[in-house]
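Analysis of the macromolecular model
Chain residues, written in single-letter form:
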Amino acid sequence: MTVSDGAQVFQVSQFSRNNLRKAFLGGHDGPDRSSSLIESKRQLTYLFTHLSSLECKTIVAEYNYVDRDFLEDHSVYYVKCFKPYSRLCTRLHFFSSRITRRQFARFVSGDEFVGIGDDTFLGFVVIKPLPEAFIGRTCLAPYPKPNQLKVFPAVQNCRVHLAGREFIVKSLLFQEQDTVLAACATTAIWSALQRTGHLFRHSVPTPCEITTMATRSGGHRGRVFPSLGLELGQMCEAFQAMGLDTELRGDGKYELKEFVYAYAAFGLPVILGLEDKGAPLTTAHAVTVVGYSLTPKRARQRVGSLLLRASRMNSLYVHDDQSGPFVQADIINRDTIIMPKPVADEFKVFAILVPVYRKIRIRYEKVLSKLTGLADILYFGGAALGLPIPDIEWDVRLSLGTEFQKGYRGDREALSQSRRRVLGESFPRFVWLSTGSGDNNFGLDIVVDATDIERGFPATRIYPRSKNCAAALKAIAADYSWLEAVARTHHLSELKASLNRWRSLLSQDGSRA
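Calculation criteria
- Residues numbered from 1 in each chain as written.
- Predicted model: local features only at pLDDT ≥ 70, side-chain atom pairs only at ≥ 80, totals over all residues.
- Heavy atoms only, no water.
- Helix = DSSP H or I, 4+ residues; strand = E, 2+ residues; numbered from the N terminus.
- pLDDT = per-residue confidence, 0-100.
- Contact = heavy atoms within 4.5 Å.
- Buried < 20%, exposed > 50% of the residue type's maximum accessible area, 1.4 Å probe, protein only.
- Pairing = 2+ DSSP bridges.
- Axes fitted to C-alpha atoms, helices over the stretch in contact; angles between N-to-C directions.
- Parallel < 35°, antiparallel > 145°, perpendicular 65-115°, else oblique.
- Nonpolar A, V, L, I, M, F, W, Y, C, P; charged D, E, K, R; others polar.
- Arc of directions from axis to C-beta.
- Polar contact = N/O pair within 3.5 Å; in protein donor to acceptor, adjacent residues only side chain to side chain.
- Patch = residues over 30% accessible without salt bridge, like charges linked within 9 Å, V, L, I, M, F, W, Y side chains within 5 Å.
- Areas by Shrake-Rupley, 256 points an atom, 1.4 Å probe, with all protein chains shown as cover.
- Salt bridge = Lys/Arg side-chain N within 4 Å of Asp/Glu carboxyl O.
- Lys, Arg positive; Asp, Glu negative; His and termini not counted.
- Charge placed at Lys NZ, Arg CZ, Asp CG, Glu CD.
- Left-handed = near helix turned anticlockwise from the far one by under 90°.

With that settled, consider unusual backbone geometry. In this model, Glu-55 sits at a positive phi of 60°, which is unusual for a non-glycine residue. Here Ala-163, not a glycine, exhibits a phi torsion of approximately 50°, which is positive. Take Ala-163: it is sitting in the loop between strand S8 (156-162) and strand S9 (165-171).

The share of residues in the chain with pLDDT of 70 or more is 85%, and the mean pLDDT across the chain is 85. Note on residues 223-227: pLDDT is under 50 here. Beyond four places in sequence and across chains, it has 17 contacts.

Moving on to the pairing of strand S11 (residues 270-276). The buried fraction of S11 is high, at five of seven residues. Across five bridges, the pairing between S11 and strand S12 (residues 285-294) is antiparallel. Its bridge partner lying in S12, Leu-272 is registered against Val-287. In the sheet, S11 pairs with strand S18 (residues 345-357) via six bridges, with the strands oriented antiparallel. In the sheet register, Gly-273 faces S18, and the bridge partner there is Ala-351.

This part covers the side chain of Gln-175. Positionally, Gln-175 belongs in the loop between S9 and helix H6 (184-200). Residue classification places Gln-175 among the buried positions, given a relative accessible area of 7%. Those residues in contact with Gln-175 that sit more than four places away from it in its chain are Lys-128, Ile-135, Gly-136, Arg-137, Thr-187, Trp-190, Pro-207 and Asp-321.

As a packed pair, helix H9 (residues 256-264) and helix H10 (residues 364-385) sit with axes 11 Å apart at the nearest point and diverge in direction by 105°. Taken as axis vectors, H9 and H10 run roughly perpendicular relative to one another. Counting all contacts with H9, which are made through Glu-258, Phe-259, Ala-262 and Tyr-263, the residues of H10 involved are Tyr-364, Glu-365 and Leu-368. Here the contact of H9 with H10 is composed, by residue class, of five nonpolar, no polar and two charged.

Another point: helix H4 (residues 68-76). By the burial criterion, the buried members of H4 are Asp-69, Phe-70, Asp-73 and His-74. Along the long axis of H4, the arc covered by the buried residues comes to 130°, so they all point the same way. Buried residues in H4 make contact with strand S4 (89-95), strand S6 (135-140), H6 and helix H7 (207-214). Where H4 begins, one side-chain oxygen reaches toward the backbone nitrogen of Asp-69, 3.3 Å away; that side chain belongs to Asp-67.

The complete set of buried residues in helix H5 (residues 101-108) reads Phe-104, Phe-107 and Val-108. Down the axis of H5, the buried side of the element spans an arc of 100°, and every buried residue falls inside it. Taken from the residues just after H5, Gly-110 is the one with a positive phi, measuring 115°.

This next bit is on a nonpolar patch on the surface. A surface patch of nonpolar side chains, amounting to about 210 Å² of accessible area, comprises Leu-232, Leu-248 and Phe-350. As for its position among the elements, Leu-248 is in strand S10 (residues 244-250). Leu-248 sits in the partly exposed class, given a relative accessible area of 36%.

This part covers a positive patch on the surface. A cluster of basic side chains, namely Arg-201, Lys-359, Arg-361 and Arg-429, defines a positive patch on the protein surface. For Arg-361, the location among the structural elements is in the loop between S18 and H10.

Glancing now at the environment of Ile-362. In this structure, Ile-362 sits in the loop between S18 and H10. Once residues within four sequence positions are removed from consideration, Ile-362 is found in contact with Val-367, Trp-432, Asp-449, Ala-450, Asp-452, Ile-453, Glu-454 and Pro-458.

Close contact between H7 and helix H8 (residues 232-241) brings their axes to 8 Å; oriented N to C, the two are set at 110°. On the basis of their axis angle, the class for H7 and H8 is roughly perpendicular. Crossing hand, H7 versus H8: right-handed. Note on element contacts: H8 touches H7 through Gln-234, Glu-237, Ala-238 and Ala-241, opposite Ile-210, Met-213 and Ala-214.

Once that is clear, we can look at the side chain of Ser-171. Tracing the backbone shows Ser-171 in strand S9. For Ser-171, the side chain forms a polar contact with the main-chain oxygen of Leu-140, separated by 2.6 Å. Non-local contacts of Ser-171, meaning those with residues more than four positions away in its chain, are made with Cys-139, Leu-140, Val-155, Gln-156, Cys-158 and Phe-326.

Next comes the structure, spelled out in structure tokens:
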């Protein structure tokens, strides 16, 4: 079914695997892009499964589409090839409603149709005029029913225009590596920069520009194009060229769940460096984390003396250019994930890279160290004084100061004194937020200035969320007789030092609550 509108041509078809394969052909069925080649691509299987889970009903193919990212790549490389590669792409739009040719023709003519709107628009896939790596910019909705246990903090409103109508879909852009201008590391960076560009207000370069920035200082293996991939240092260099710093962890010096959660819960994209356990000598791989899922049960596994909400994480959702967007990756242990679809692959995580704004200076490990000191004080002090302090589960994440305040404005269950303090005080743009919660509504928030200097004790505030927590803080701050006995009995050499650091805050914030 073809609808023509002057220079643009649209084709409308019902969603099926066969029609999706035909749409991928885009009129290029020949020696360079055959039906058998498309059928063998993992991306076809994954995208069909993903779109089926979104209950897709209709495909609208938009021909002669000019894609900015491919146009830049085309001008740098493909236009100089002897073979004439087209600069025009095909864009496939997906809807969860059934749309007939006549209905879409009316839509193109300017009429509104109830089945064509934001509530039925599922996103798009750009098909580049290349023989094999032809999946370009892809913007699809994540899993159909995200909830508080399955979340996608890195998605954002993406605006799409079709026949003069604007659609909005929550997603994060994805595309397949072409191994000419971009390998998997470049496409992982490209997806990550889509999000940081929104958060930190910087422009987003094309894959070709990212590869050029990453290799600008030299040190790469061989020529820049075709790209053989980027090393970790070059990936950091690409982010630095965009005015960002990177938090890089490797050699097993991290806990996968807690480190990823601390940044991903804020909405920052996290890049994982992977090694295929089934083929350890092959080239390393990179994916971008855009979401995660948590088990419903409270944390039971302690990290040091802390019960962390992050330990409930059981799966990540990643943009994997070898499969597709929002691929589920189940966490096996502290350095191993398995991606079951479209085929089961087990990977070792050998590095984690997080792009951050340069004013975010305090590292996650510093916050965790501070929190551990306070948790020990609450646990041992509460036990020695006979206070009813329950096991506390801590939710530790990066946040915006304004978002922290916004959470208190509508929370009528929070302690009124703390709510007045939070709404009446000023906060830095970026904060580390540690929210502790336990039985009997026991709760408190600890806010650390993420823009402070690391040496010493970064600026911190405590806000009890409940009366029983406020009473416990007051009691511990008022009576230090328990300290020597507890420290001597439990050999806690750091406890006294921790208490000295926290003493003024416990006294001040406990009494003010």
